[in-house]
Amino acid sequence: MSELNTVAVKILENGKGILAADESTSTMTKRLNDVGVESNPKNRLLFREILFSSSSMTKCIGGVILYDETIRQETSKKNKIPELISKMGSTPGIKVDTGAKVLAGSPKEKITEGLDGLRDRLKEYYRLGAKFTKWRGVYIIDENFPSKLSIHSNAHALARYSSLVQECNMVPIVEPEVLMDGEHSAEDCYKKTSEVIQKCFDELILHKVDLTGIILKPNMILAGKNSKKKISNEEVAKLTLKCLKDSVPPEVPGIAFLSGGQSEFEATENLNLINKFNDTNFIMTYSYGRALQQSALKFWSKNIQNIEGTQKVFNHRAKMNTLAAQGKWSKDLEI
Ligand code: 5MM
């Protein structure tokens, strides 16, 4: 197997998952302001360093996605952040897109930017210690959306990004996120997500991306946030598996779901059921941002010097998700 496949599998194997700590400064500012903490480089680093030095980094978190600001920061003990992550037994990664902007030609939709100058930025991130990268395309669901234009242009960007990343010896995380916002049914989410993922793979193949050396980061198949027709967690798991079985080529080693606005509990429960029913060869695990950090952030905001207490809350969430990634989680393990 290729070197990239070895890296991808190491990040995802044995129930390990990914901590998505790649919030851009504006998103992180919103998260911190929501819990009453001032957003400045020192506080952003403080919270993240607490997570990156917790014991679950060794046992549960196979990889951490960083943001440009964080990969350049030093810890309180003067270690580089990627060094801390590697020392804890995990793998440092980096978000390399520069955000989703209005899509010309379909202004209600977004296209992710960041291809200009990417080859040089990748070389720098590699030197800084990154072993994998992330790029997120976003899609909305409505009667006429996602449009063909959005599906095509985002898939094209994800494929161009992926081939540049592999050229630079890193594993690309391919993240096509079909958003949960709206009133759509789970059936709509299933149809649109399948179309989006299939188009991504058409483009990845066209761009000669080695599919054994990527990680797919999709949404689960869920009814829209404001849908009147909710489905059970079992149905979520079964529809998600059906969608991925039919759309993802078998060479892909692993799938790491985003949480997409689900509660921490829901994201864990759904992942657990997906793994209980998993009849594929894909590793199915997590790459959660909000669903791994919410409780820890809330706890930390009450006393930002309480490192141990915050780590305990984070370790619990990471452990629950690592159990779910093996289909071994149950409700009574929650505290
Ligand atoms: C951690 O949040 C990332 C988004 O940051 P920006 O919007 O500020 O660029 C995001 O890409 C994240 O990695 C995924 O959406 C998964 O996060 P969730 O919270 O959906 O699990």
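See above for the structure.
Note that this is a predicted model, so its numbers are computed, not measured.

**Section: empty space enclosed by the protein**
Evaluated as defined, the whole model comprises one cavity of 30 Å³ or more. Around the largest cavity, the lining residues are E177, V178, L179, M180, C189, N219, M220, L222, L258, S259, G260 and Q262. Partitioned by chemical class, the residues of the lining of the largest cavity number seven nonpolar, four polar and one charged.

**Observations regarding the sheet that holds strand β2 (residues 61-66)**
Read around the closed barrel, the eight strands follow the order β1-β2-β3-β6-β7-β8-β9-β10; overall the barrel is parallel. When strand β7 (residues 171-178) meets strand β8 (residues 215-216), the two strands line up parallel, connected through two bridges. Looking at β8, one finds that I173 is bridged to I215. Running over the sheet, helix α8 (residues 148-167) touches β6 (132-139) and β7 and is turned about 175° from β6.

**Re the layout of surface pockets**
A volume near 850 Å³ is recorded for the largest pocket. In terms of lining residues, the largest pocket is bounded by 37 residues, among which T27, K95, K134, R136 and E177 are the most central. Secondary structure elements with two or more residues in the lining of the largest pocket: α2 (25-34), β5 (110-112), α7 (118-127), β6, β7 and β10 (283-288). Ranked by residue count, the leading element in the lining of the largest pocket is β6, at four residues. Among the residues making up the lining of the largest pocket, the classes are represented as 11 nonpolar, nine polar and 17 charged. Its volume calculated, the second largest pocket comes out at about 230 Å³. Those elements giving two or more residues to the lining of the second largest pocket turn out to be α3 (41-52) and α6 (81-87). Per-element accounting of the lining of the second largest pocket gives the leading share, three residues, to α3.

**Considerations on the pattern of salt bridges**
Under the criterion given, the structure shown has 19 salt bridges. Between K148 and E195 there is a salt bridge; the shortest N-O distance is 2.8 Å. Separated by 47 residues along the polypeptide, K148 in helix α8 and E195 in helix α9 (residues 186-206) bring together distant segments of the chain. We classify K148 as exposed; its relative accessible area is 64%. Each member of the salt-bridge network shares a partner with another, and the members are D22, K95, K134, R136, E175 and E177.

**Focus: the packing of helix α11 (residues 264-277) against helix α13 (residues 307-324)**
Close contact between α11 and α13 brings their axes to 8 Å; oriented N to C, the two are set at 25°. For the element pair α11 / α13, the angle class is roughly parallel. Side by side, α11 and α13 meet where E264, T268, L271, N272 and N275 of the first sit next to R317, M320, N321, L323 and A324 of the second. The residue inventory of the contact of α11 with α13, partitioned by class, reads four nonpolar, four polar and two charged.

**Quick notes on the nonpolar core**
Counting 89 residues, the largest nonpolar core has F52 and I61 as the members making the most contacts within it. Ignoring anything within four residues of it in the chain, the contact list for I61 reads G17, L19, S56, S90, Y286, L292, F314 and A318. Ranked by size, the runner-up nonpolar core spans 12 residues in total, among them I65, F132, V171 and A256.

**Structural notes on the site of the ligand**
The full set close to the ligand counts 17 residues, and S24, T27, K95, K134 and S259 are the nearest of them. Between an oxygen atom of the ligand and a main-chain N or O atom of G289, the distance comes to 2.9 Å. Within the complex, 89% of the 500 Å² of free accessible area of the ligand lies under protein. Among the detected pockets, the ligand sits in the largest pocket. The residue makeup of the shell around the ligand, split by class, is three nonpolar, five polar and nine charged.

**Side note on unusual backbone geometry**
The residue after F145, namely P146, is reached through a cis peptide bond having omega -5°. Among the secondary structure elements, P146 is positioned in the loop between β6 and α8. A positive phi angle, close to 65°, is found at K78, a residue other than glycine. Residue K78 is classed as exposed on the basis of its relative accessible area, which comes to 63%. The backbone of N169 sits at a positive phi, close to 65°, despite the residue not being glycine. Among the secondary structure elements, N169 is positioned in the loop between α8 and β7. The exposure class of N169 is partly exposed, given its relative accessible area of 43%.

**Details of the pairing of β6**
Taking burial as the measure, the eight residues of β6 include seven buried ones, the bulk of the element. Where β6 lies against β7, eight bridges are found, and the strand directions are parallel. Counted as the bridge partner of T133 is P172 from β7. Since β6 and β7 lie parallel, the crossover through α8 that links them has a hand, and here it is right-handed.

Quick notes on the rules
Residues numbered from 1 in each chain as written. Predicted model: local features only at pLDDT ≥ 70, side-chain atom pairs only at ≥ 80, totals over all residues. Heavy atoms only, no water. 1 Å grid on protein atoms, 1.4 Å probe; cavity = no way out; pocket = protein on both sides within 12 Å on 5 of 7 lines; lining within 4 Å. Points joined across faces, edges and corners; volume = space filled by probe spheres on them. Nonpolar A, V, L, I, M, F, W, Y, C, P; charged D, E, K, R; others polar. Pairing = 2+ DSSP bridges. Helix = DSSP H or I, 4+ residues; strand = E, 2+ residues; numbered from the N terminus. Contact = heavy atoms within 4.5 Å. Axes fitted to C-alpha atoms, helices over the stretch in contact; angles between N-to-C directions. Salt bridge = Lys/Arg side-chain N within 4 Å of Asp/Glu carboxyl O. Buried < 20%, exposed > 50% of the residue type's maximum accessible area, 1.4 Å probe, protein only. Parallel < 35°, antiparallel > 145°, perpendicular 65-115°, else oblique. Core = buried A, V, L, I, M, F, W, Y, C linked by side-chain atoms within 4.5 Å. Near = heavy atom within 4 Å. Polar contact = N/O pair within 3.5 Å; in protein donor to acceptor, adjacent residues only side chain to side chain. Areas by Shrake-Rupley, 256 points an atom, 1.4 Å probe, with all protein chains shown as cover. Sits in = over half its atoms within 2 Å of the grid points. Right-handed = clockwise from strand over helix to strand, strands pointing away.

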